[in-house]
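Now for the letters of each chain:
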Amino acid sequence: MSMLEIRDLSVTFGGLHALKNLNFHVDEGEIVSVIGPNGAGKTTFFNMISGMITPTTGDIVFEGESLLGLDPSQVTERGIARTFQNVRLFANMTILENVMVAQHCRTDQRVFGALFQTKSFKSEEEAIRNYGEEVLSFFGSRLVGYRLDQPASVLSYANRRRLEVARAMATRPRLLLLDEPVAGMNPRESAELTALIGRLRSEWGFTVVMIEHDMSVVRDVSDRVVVLDHGETIAQGSYDQVANDPKVIEAYLGRPVGSDVAAEEEAP
Amino acid sequence: MTATSDNLSMLEAPGINWRRQIRFALVGGLSSAFIALAGMPVGLDGRNIIRPILSMGYLALLWVPFVFASLAGSVVILEGMTERERDAKDLAAGALVGLGSSSGLILLMILIQNFNLRDPLVNWSPQLLNLLSFDRSIGLGMLLWLILGTTLGLLGGAMHVVPGKVRSRILAVALAVFAVSVLETFLTDLLEGFGLEVLTDFVYYKRGGLEVLGAVVVAALTLMIPLMVGSKIKDIKTRVVEMPNEERRRVNLLLLTVCAALMLVLPFFLGKITNELLANVGLFVLLALGLNIVVGLAGILDLGYVAFFAVGGYTTAVLTSPNSPGFSPELPWPVALIVVVVLTGIVGLFIGAPVIRMRGDYLAIVTLGFGEIIRLLFLSDWLSGWFGGAQGITNIPGVDVGIGTVKGTDPRSVFLLVLVFCAIAIYVSWRLEHSRLGRAWMAIREDEDVAEAMGVNTTNTKLMAFVVGAVLASFSGAIFSAKVGSIFPTSFLMLVSIIILVVVIVGGMGNIVGVIVGALVLIGVLGGPKQPGLLQEFSQFKLLIYGALLVWMMLKRPEGLVPNVRRTRELHQEEFLQDAWLKGEIDTDDHEDSP
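Because the structure is a prediction, the values reported are computed rather than measured.

Calculation rules
- Residues numbered from 1 in each chain as written.
- Chains lettered and ligands numbered in written order.
- Predicted model: local features only at pLDDT ≥ 70, side-chain atom pairs only at ≥ 80, totals over all residues.
- Helix = DSSP H or I, 4+ residues; strand = E, 2+ residues; numbered from the N terminus.
- Rg over C-alpha atoms; globule rule 2.2 N^0.38 Å.
- Buried ≥ 20, exposed ≤ 12 C-beta atoms within 10 Å, placed from the backbone.
- Contact = placed C-beta atoms within 7 Å.
- Pairing = 2+ DSSP bridges.
- Nonpolar A, V, L, I, M, F, W, Y, C, P; charged D, E, K, R; others polar.
- Axes fitted to C-alpha atoms, helices over the stretch in contact; angles between N-to-C directions.
- Parallel < 35°, antiparallel > 145°, perpendicular 65-115°, else oblique.
- Left-handed = near helix turned anticlockwise from the far one by under 90°.
- Core = buried A, V, L, I, M, F, W, Y, C linked by C-beta atoms within 7 Å.
- Domains from an automatic or database assignment.
- Expected span 1.5 Å × (residues − 1).
- pLDDT = per-residue confidence, 0-100.

A count of helices and strands for chain A gives 11 helices and 10 strands. Relative to the globule expectation of 18 Å for 268 residues, the C-alpha radius of gyration of chain A, 20 Å, shows essentially globular dimensions. For chain A, with 268 residues in total, the buried portion stands at 46%. Put simply, of all contacts in chain A between residues at least 6 apart along the chain, 64% involve residues at least 24 apart.

What follows is the structure, encoded as structure tokens:
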């Protein structure tokens, strides 16, 4: 059975259908890319999985259990973590604190432990710290060392993106939702992150769903590509299949004036 | 990262902006007139700063030309600019601003003499005119103001002409003389405790204020002390900073212990008035520490915080007083305290549950409402069978602690009790800030949606902040009710919430030391909602000064007196990033190799 299965999902904002009868599934260990032109509903789709928006109809099933009606924090607790398209770090907390706070739902010390500095509190703090550093060191030396205690706001754009991923990883998810992880990075940086996304699966065992506009990244890492347009799935399959699908080309480039689909099929 | 100032051409800061000077002169004139009409000169004239030269009343007017002239002359030096050479023109500009400020008063004098507006303006009085004309003829008074204003303005302008070191010395001296004069009650009391009345008798005039000679001595000491010990202190500081972590921690611990010991011994050397004052400050420190968790850490703007103070106070009263109308178990205070803490925590949950689903302005308004609801419940006839309505609950016994009783008539014992609870509150704040819960609070303050998406259960976490804040306030309420011995709904006006919030903001949100400093400065010096501070004469202008201080702080120093590093970053993000960029702390990053 699929790890995440989405059935007939629709959401409307007033009269606008942001998503229409979407069916989608991810198998364990897959890397799936979701692509589509701007306004296709990709981020809405992520918001829905992570519980920030409630769908109008349909069901989201993760590992056999429905996620409908859960708060975002509960979804995270179930094992789905996400990053944000417009980097939203806790900018004034240090880099280490950013990944420490993300382990909130995996830890359980409360007021009592903190006040009396119990043994379990101390060992848990130690564990949170260590795991945070471990996650950060996945990105090489960039986020560790003297950086640990610097506020996240001093990081460069690419490093902020990396920290976003690290923070999502720190929640110990099984499914990682990456919203445009390489947006704004230069080609070398995005190539590097592409390699890291592959390692996320091989070394950390995460299943990854990724929204991305950078087609070279999509081509390099995804097992499967799903194309959304106007809230509907218009194509899915391997990168090559999708890339040559006339509907996809139409969605991205538009239909030439005065031509129909048949005419366009001849064009390339 | 190589773009530093040397490859930019050095620009000189622009010359004097005369329009700005004139604007400041006008605002100065209006401010002077406003202060005079607010009644500050007359109301504060009784208090000497330096006898017989300067009273607080005159000081309330005299600072205007000086400060405005110096503000008008200050220029923001941007990166790559050099400071302009200051010259006589700056002095002239200062004099102009000073003249403008004092001409507001001169105009006021003319108006008071010729028209009677006493009806709307209470302070439009012959006393004010007398005071403004220095008890001499009006013409002479006007002339004097002209001279004084211009001179002070000139001096204000001169602040920019003299080198920075001299400027800071002058300011230090002025501040020291003022502080010693304001702290008179406290210092006299303290030195009396150590049997050193000789010193205070020498410095202070019998009926308040410094003697001229005393002021000179204080000024001289302020100039001398930094010369003698300044470098040594710096040495010690660098030595401590350079110490290895382990050793530094030990030094810090030692310092902390010494401070704690001093605080515990202090009450025994202080007189009644000072102990009383410090006990009041302590009660507000407790409240402010609690609110600091809610507002400073979790970022929930609670304007009805007084509700928890009230619940703490009333519960204690009901449980301990024999006069409690409805239910009177007459429990001993420590037992009652446990009930109080539990009950206030529950009230925190009940008020918090509906409130925390809201955000921002809505939340603030709803908390404001709940604060009032709680007070009105205690005032209502409906519950007067339990809480006594407007009559309140009287005859609340003191706290029996074995060796003695803590009660209002013995401020020293109250202060000691407050100290113990402050220590507990500080410990709680400190530990929670550096725990899983504290991190979650900060994350919520930074970005609530993201915190939720990162697995923080924001509802529970925010509720927890409410409850911890409520419990700390209930400590304060419990002590308050044992200290005063009676409790009325009028002690829990909305104003109390606002004042606690001002203490937290002025002191420095999210910072324990800041909150304590804020309480000392505001409650200790100016006074609380009903408690007199060191400047008792100020009580009628307290709110005016609170408001002015709050506005000024928000504009110039939103991070508070003792800033929390993180909050400062939040409030000055752009400047901070710019600085970090200049220092090379922001990485451009593209030069590293992939791992």
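Read on, since the account is not over.
For chain B, the count of helices and strands is 25 helices and 7 strands. Taken against the 2.2 N^0.38 rule, which gives 25 Å for 595 residues, the C-alpha radius of gyration of chain B at 27 Å falls within 12% of a compact globule. Within the span of chain B, comprising 595 residues, buried residues form 43% of the whole. Here the contacts in chain B between residues at least 6 apart in sequence split such that 76% fall between residues at least 24 apart.

The two faces of a sheet get side chains in turn, since along a regular strand they alternate between them. Two elements, strand E1 (residues 4-13) of chain A and strand E2 (residues 16-26) of chain A, share 7 bridges in a ladder whose sense is antiparallel. The partner of A:Ile6 across the bridge, within E2(A), is A:Phe24.

Turning our eyes to something else, we now look at the interface of chain B and chain A. Facing the 36 residues of chain B at the interface are 39 residues of chain A. Of all the secondary-structure elements, those providing two or more residues to the side of chain B that touches chain A are helix H17 (411-433), helix H18 (436-446), helix H19 (448-453), helix H24 (565-571) and helix H25 (573-583) of chain B. For the side of chain B that touches chain A, the element with the most residues is H18(B), which contributes 7 residues. Residues of the side of chain B that touches chain A, tallied by class, amount to 14 nonpolar, 7 polar and 15 charged.

All names here are of chain B. At a minimum axis distance of 9 Å, the contact between helix H7 (residues 164-182) and helix H10 (residues 212-242) shows a crossing angle of 135°. Between H7 and H10, the angle is such that the two are oblique. Relative to H10, the crossing made by H7 is right-handed. Note on element contacts: H10 touches H7 through Ala 215, Val 218, Ala 219, Thr 222 and Leu 223, opposite Arg 169, Ala 172, Val 173, Ala 176, Val 177 and Val 180. When the residues that make up the contact of H7 with H10 are grouped by side-chain class, the tally is 9 nonpolar, 1 polar and 1 charged.

Residues and elements named next belong to chain B. Contact geometry of helix H12 (residues 272-297) with H17 gives a least axis separation of 8 Å together with a crossing angle of 20°. It follows that H12 is roughly parallel to H17 by the angle criterion. The chirality of how H12 crosses H17 is left-handed. Taken together, the residues that form the contact of H12 with H17 break down as 17 nonpolar, 4 polar and 4 charged.

In this section: the environment of A:Asp240. All names here are of chain A. With respect to the secondary-structure elements, Asp 240 resides in helix H9 (residues 239-243). Taking the C-beta count within 10 Å as the criterion, Asp 240 has 10 such neighbours and is therefore assigned exposed. Placed 189 residues apart in sequence, Asp 240 and Gly 51 show a C-alpha to C-alpha distance of 32 Å.

What follows concerns the sheet that holds E1(A). All names here are of chain A. Pairing in this open sheet of 4 strands is antiparallel, and the strands run E2-E1-E4-E5 from one edge to the other. Both edges of this open sheet fall to E2 and strand E5 (65-66), since each of them pairs with a single strand only. In this structure, strand E4 (residues 57-62) lies alongside E5, joined through 2 bridges in antiparallel fashion. Along E5, the bridge assignment pairs Val 61 with Ser 66.

Bringing the environment of B:Leu534 into the picture now. Residue and element names in this part refer to chain B. Topologically, Leu 534 is positioned in the loop between helix H22 (512-526) and helix H23 (542-556). For Leu 534, a count of 18 C-beta atoms within 10 Å corresponds to the partly exposed category. Remark: the alpha-carbon pair of Leu 534 and Phe 480, spanning 54 residues in sequence, is separated by 20 Å. When near neighbours in sequence (up to four residues on either side) are disregarded, Leu 534 contacts Val 182, Leu 183, Thr 185, Phe 186, Leu 277, Gly 524 and Val 525.

Residues and elements named next belong to chain B. Ranked by internal contacts, the top residues of the largest apolar core, which has 180 residues, are Ala 288, Ile 500 and Val 503. Setting aside its immediate chain neighbours within four residues, Ala 288 contacts Ile 500, Val 503, Val 504, Gly 507, Val 515, Gly 518 and Ala 519. Among the nonpolar cores identified, the runner-up in size contains 42 residues, and Leu 44, Ala 95, Ile 112 and Val 203 belong to it.

A separate point is the domain arrangement of chain B. Accessible area lost when the parts come together is the quantity often used to give the size of an interface. Each domain of chain B was delimited in the assignment, giving domain 1 (5-161), domain 2 (169-247) and domain 3 (273-496). The distance between the C-alpha centroids of domain 1 of chain B and domain 3 of chain B comes to 44 Å.

Now for helix H6 (residues 157-170) of chain A. An α-helical segment advances 3.6 residues per turn. Residues three or four places apart therefore align on the same side. Residue and element names in this part refer to chain A. The end-to-end C-alpha distance of H6 is 20 Å, a good match for the 20 Å that 14 residues give at a rise of 1.5 Å each. Most of H6 sits inside the fold, with 12 of its 14 residues counted as buried. Within H6, burial applies to Ala 158, Asn 159, Arg 161, Arg 162, Leu 163, Glu 164, Val 165, Ala 166, Arg 167, Ala 168, Met 169 and Ala 170. Packing partners of the buried residues in H6 comprise strand E6 (80-82), helix H3 (95-101), helix H5 (119-137), strand E7 (175-179) and helix H7 (187-202). One or two positions beyond H6, positive phi appears at Arg 172, with a value near 55°.

Residue and element names in this part refer to chain B. Summing up the model confidence of chain B, the mean pLDDT is 87 and the portion of residues at 70 or higher is 93%. Low pLDDT, under 50, characterises residues 1-8; the stretch is placed with 5 contacts to residues that sit more than four places away or in other chains. Ignoring residues within four places in sequence, the model shows residues 590-595, a span with pLDDT below 50, making 5 contacts including any to other chains. Across the interfaces of the predicted complex, the ipTM metric reaches 0.91, alongside a pTM of 0.88.

This paragraph deals with the sheet that holds strand E3 (residues 54-55) of chain B. All names here are of chain B. Strand order in this open sheet of 3 strands is E3-E2-E5, and the pairing throughout is mixed. Where the open sheet ends on each side, the last strands, each with one partner, are E3 and strand E5 (210-211). In terms of strand pairing, strand E2 (residues 48-51) meets E3 through 2 bridges, oriented antiparallel. Of the residues in E3, the one forming a bridge with Ile 50 is Leu 54.

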